[in-house]
Amino acid sequence: MTIKLYGMPLSNYYNMVKTVLLEKGMDFEEVLVLPNQESDYLAKSPMGKVPAMETEQGFLTETGVMIDYLDSLGQGESFYPADPFEKAKVQEIIRYLELYIELPARRLYGEVFFGRPATVELKEEVKPQLEKGFASFNRLAKFSPYLCGDKLTYADFYFRFSMNLAMTACKRALDWDVAAEMPRNNELIARLDERASIMRVLADQKKKV
Ligand SMILES: N[C@@H](CCC(=O)N[C@@H](CS)C(=O)NCC(=O)O)C(=O)O
């Protein structure tokens, strides 16, 4: 069975998984669905979030899990180093991006992308979390030129679709110009945007929901 990817091209997490599928040259179908709490969708994605992935054995959710599943299928190129420690370092930086940058920044997305103003209290809570998150990320990231060294890894795909939104949220909601303070972020994004996979994902994002 061809893998089916459920979600929508506006979702940064959906785009991470889609990029990995494209990079690996795997066949897949896209099923357009927005996050929702309908029982039919909750049976597929227990939190009602996107993305979700349908495999011949059943459904999977959580972007990091799906990336690891795709990697373990052994099809196409692997973007994990063979060395167990180096692989764990890639997983570590993905975890930092998720927990300490994407999730706190997401608390501002209501204001930034959906017109629901954030309270001053929320901003005061999120800003120091993000300062710590960016500082810890910068201690781990090598940018030489990729996050984990001279080889492109899954962490770079995760970064591409989380860092841009987090930086936009900081600029618009906190008046904090992370891109100017940390120019390596946009340099790496520009390098990644030269890849056919990411060009396709960005083009699909422009044309769909
Ligand atoms: N931890 C999830 C996060 C996915 C996520 O938050 N997706 C957003 C869209 S970008 C969503 O479905 N939001 C709706 C909700 O949180 O209920 C993952 O790694 O896949």
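Residues numbered from 1 in each chain as written. Predicted model: local features only at pLDDT ≥ 70, side-chain atom pairs only at ≥ 80, totals over all residues.

## Description of the site of the ligand
For step 1, the next point in the chain: Neighbouring the ligand are the residues S11, N12, Y13, P35, G48, K49, V50, E62 and T63.
For step 2, the next point in the chain: Here the residues of the shell around the ligand are counted per class, giving 3 nonpolar, 4 polar and 2 charged. (Near = placed C-beta within 6 Å. Nonpolar A, V, L, I, M, F, W, Y, C, P; charged D, E, K, R; others polar.)

## Quick notes on helix 6 (residues 120–140)
For step 1, the next point in the chain: Between its terminal C-alpha atoms helix 6 stretches 31 Å, which fits the 30 Å expected from 21 residues at 1.5 Å a residue.
For step 2, the next point in the chain: Residues of helix 6 that are buried include every one of V126, L130, G133, F134 and F137, and no others. The buried side chains of helix 6 occupy one side of the element, clustering within an arc of 100 degrees when seen end-on. Along helix 6, exposed side chains directed more than 90 degrees from the buried face belong to E121, E124, P128, A135 and R139.
For step 3, the next point in the chain: Where helix 6 is buried, its residues contact helix 4 (84–106), helix 7 (154–174) and helix 8 (178–181). (Helix = DSSP H or I, 4+ residues; strand = E, 2+ residues; numbered from the N terminus. Expected span 1.5 Å × (residues − 1). Buried ≥ 20, exposed ≤ 12 C-beta atoms within 10 Å, placed from the backbone. Arc of directions from axis to C-beta. Contact = placed C-beta atoms within 7 Å.)

## Some remarks on the packing of helix 4 against helix 7
For step 1, the next point in the chain: Close contact between helix 4 and helix 7 brings their axes to 10 Å; oriented N to C, the two are set at 20 degrees. With respect to each other, helix 4 and helix 7 are oriented roughly parallel. Here helix 4 and helix 7 pass one another in a crossing that is left-handed. Residue-level inspection shows V90, I93, I94, L97, I101, E102 and A105 of helix 4 in contact with helix 7, the latter providing Y154, A155, Y158, F159, S162, L165, A166 and A169.
For step 2, the next point in the chain: In terms of residue class, the contact of helix 4 with helix 7 is made up of 13 nonpolar, 1 polar and 1 charged. (Axes fitted to C-alpha atoms, helices over the stretch in contact; angles between N-to-C directions. Parallel < 35°, antiparallel > 145°, perpendicular 65-115°, else oblique. Left-handed = near helix turned anticlockwise from the far one by under 90°.)

## Quick notes on the domain arrangement of the protein chain
For step 1, the next point in the chain: Domain parsing of the protein chain yields domain 1 (3–78) and domain 2 (84–195).
For step 2, the next point in the chain: One C-alpha centre belongs to domain 1, the other to domain 2; they are set 21 Å apart.
For step 3, the next point in the chain: On the side of domain 2, 8 residues touch domain 1, which itself brings 7 residues to the contact.
For step 4, the next point in the chain: Breaking the side of domain 1 that touches domain 2 down by element, the ones donating at least two residues are helix 1 (12–23) and helix 3 (63–73).
For step 5, the next point in the chain: Its residues assigned to classes, the side of domain 1 that touches domain 2 shows 3 nonpolar, 4 polar and no charged. (Domains from an automatic or database assignment.)

## Things to note about the nonpolar core
For step 1, the next point in the chain: Counting residues in hydrophobic clusters, the biggest one holds 47 residues, and the most contacted among them are V17, I93, Y154 and A155.
For step 2, the next point in the chain: Looking at this core, the elements with two or more residues in it are helix 1, strand 3 (52–55), helix 3, helix 4, helix 6 and helix 7.
For step 3, the next point in the chain: Ranked by residues supplied to this core, first place goes to helix 7 with 13 residues.
For step 4, the next point in the chain: Excluding its chain neighbours within four sequence positions, the residues that come into contact with I93 are L140, A141, L147, C148 and A155. (Core = buried A, V, L, I, M, F, W, Y, C linked by C-beta atoms within 7 Å.)

## Topic: the pairing of strand 2 (residues 28–32)
For step 1, the next point in the chain: The pairing of strand 1 (residues 3–7) with strand 2 spans 5 bridges and is parallel. Looking at the pairing, L5 lines up with E30 of strand 2. (Pairing = 2+ DSSP bridges.)

## Some points on the environment of Y109
For step 1, the next point in the chain: Within the secondary structure, Y109 is located in helix 5 (residues 109–114).
For step 2, the next point in the chain: Taking the C-alpha atoms as reference, Y109 lies 6.5 Å from A169; in sequence the two are 60 residues apart.
For step 3, the next point in the chain: What Y109 contacts, discounting residues up to four positions off in sequence, is F114 and A169.

## Examining the sheet that holds strand 3
For step 1, the next point in the chain: The sheet built from 4 strands is open, its strands ordered 2-1-3-4 with mixed pairing. In the strand order of this sheet, the two ends are held by strand 2 and strand 4 (58–61), each with one partner. Within this sheet the neighbouring strands show an average axis-to-axis angle of 25 degrees, counted without direction.
For step 2, the next point in the chain: Where strand 1 lies against strand 3, 3 bridges are found, and the strand directions are antiparallel.

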